[in-house]
Amino acid sequence: MKIFLKWRVPAFVLVTTVLLFRFVFFVGYVPTESMEPTIHKGSYILGCRIFGELKVGDIIVFEHEGKQLVKRIAAVGGDVVEHKGDVLIVPDGKNYVLGDNKDNSADSKSWAVPLIENDDIIATVVGIG
């Protein structure tokens, strides 16, 4: 019985930490310079998996073609953007994203399907280190 009590607090802390990082927090590494000067190559980011309404300017982590990427939202549902010479109206539930480093960022302006669905968003960035 004493052994069980001795491990109760560390086990609780471990389980709580795992659950927080699985469902609330996101920690990631940025291996490219696509978000410079805001997020430098080699930086770590902290994200929150629980977020409300997304708005232009938010930095998000999302899944795109099997990769996790970090970009800034440039347009949300209802906004109008120019994409490859055409006018594009962003539908509700989708976002047009761009990297801060215009010359070195694969983002909505270069993708065949330029919009990111809200369901593909993993987290919003809340800290950079």
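Residues numbered from 1 in each chain as written. Predicted model: local features only at pLDDT ≥ 70, side-chain atom pairs only at ≥ 80, totals over all residues. Heavy atoms only, no water.

## Re a nonpolar patch on the surface
Inference 1: There is a patch of nonpolar side chains on the surface, built from L20, F21, V27, Y29, Y44, L46 and V126 and spanning about 670 Å² of accessible area.
Inference 2: Of all the secondary-structure elements, those providing two or more residues to the nonpolar patch are helix 1 (2–23), strand 1 (25–29) and strand 2 (44–48).
Inference 3: Mapping Y44 onto the fold places it in strand 2. (Patch = residues over 30% accessible without salt bridge, like charges linked within 9 Å, V, L, I, M, F, W, Y side chains within 5 Å. Areas by Shrake-Rupley, 256 points an atom, 1.4 Å probe, with all protein chains shown as cover. Salt bridge = Lys/Arg side-chain N within 4 Å of Asp/Glu carboxyl O. Helix = DSSP H or I, 4+ residues; strand = E, 2+ residues; numbered from the N terminus.)

## Comments concerning the environment of I39
Inference 1: Of note, I39 is situated in the loop between strand 1 and strand 2.
Inference 2: Relative accessible area serves as the criterion here: at 0%, I39 is assigned to the buried category.
Inference 3: In this structure, I39 is in contact with V30, I45, I59, V70 and I128, ignoring residues within four places of it in sequence. (Buried < 20%, exposed > 50% of the residue type's maximum accessible area, 1.4 Å probe, protein only. Contact = heavy atoms within 4.5 Å.)

## Points about the pattern of salt bridges
Inference 1: Under the criterion given, the structure shown has 5 salt bridges.
Inference 2: Taking the shortest distance from any N to any O, the salt bridge between K41 and E33 comes out at 3.9 Å.
Inference 3: Residue classification places K41 among the exposed residues on the basis of a relative accessible area of 51%.
Inference 4: Judged by its relative accessible area of 23%, E33 is partly exposed.

## Quick look at the packing of aromatic side chains
Inference 1: Per the counting criterion, the structure on display carries 3 aromatic pairs.
Inference 2: Plain terms: the ring middles of Y29 and Y44 are 5.2 Å apart, the flat faces sit at 55° to each other, and that makes the pair tilted. With Y29 in strand 1 and Y44 in strand 2, this residue pair connects regions lying 15 residues apart in the sequence.
Inference 3: The partly exposed category is assigned to Y29, whose relative accessible area is 48%.
Inference 4: Considering the side-chain rings of F62 and W111, the 6.2 Å spacing of their centres and the 70° angle between planes classify their relative orientation as edge-to-face. Taken as a pair, F62 in strand 3 (residues 59–64) and W111 in the loop between strand 7 (94–98) and strand 8 (115–117) lie far apart in primary sequence, 49 residues in all.
Inference 5: Judged by its relative accessible area of 9%, W111 is buried.
Inference 6: R22 extends its terminal NZ or CZ atom over the ring of F23, reaching a point 5.4 Å from the ring centre. (Phe/Tyr/Trp six-rings, centres within 6.5 Å; stacked < 30°, edge-to-face > 60°. Lys NZ or Arg CZ within 6 Å of the ring centre and 35° of its normal.)

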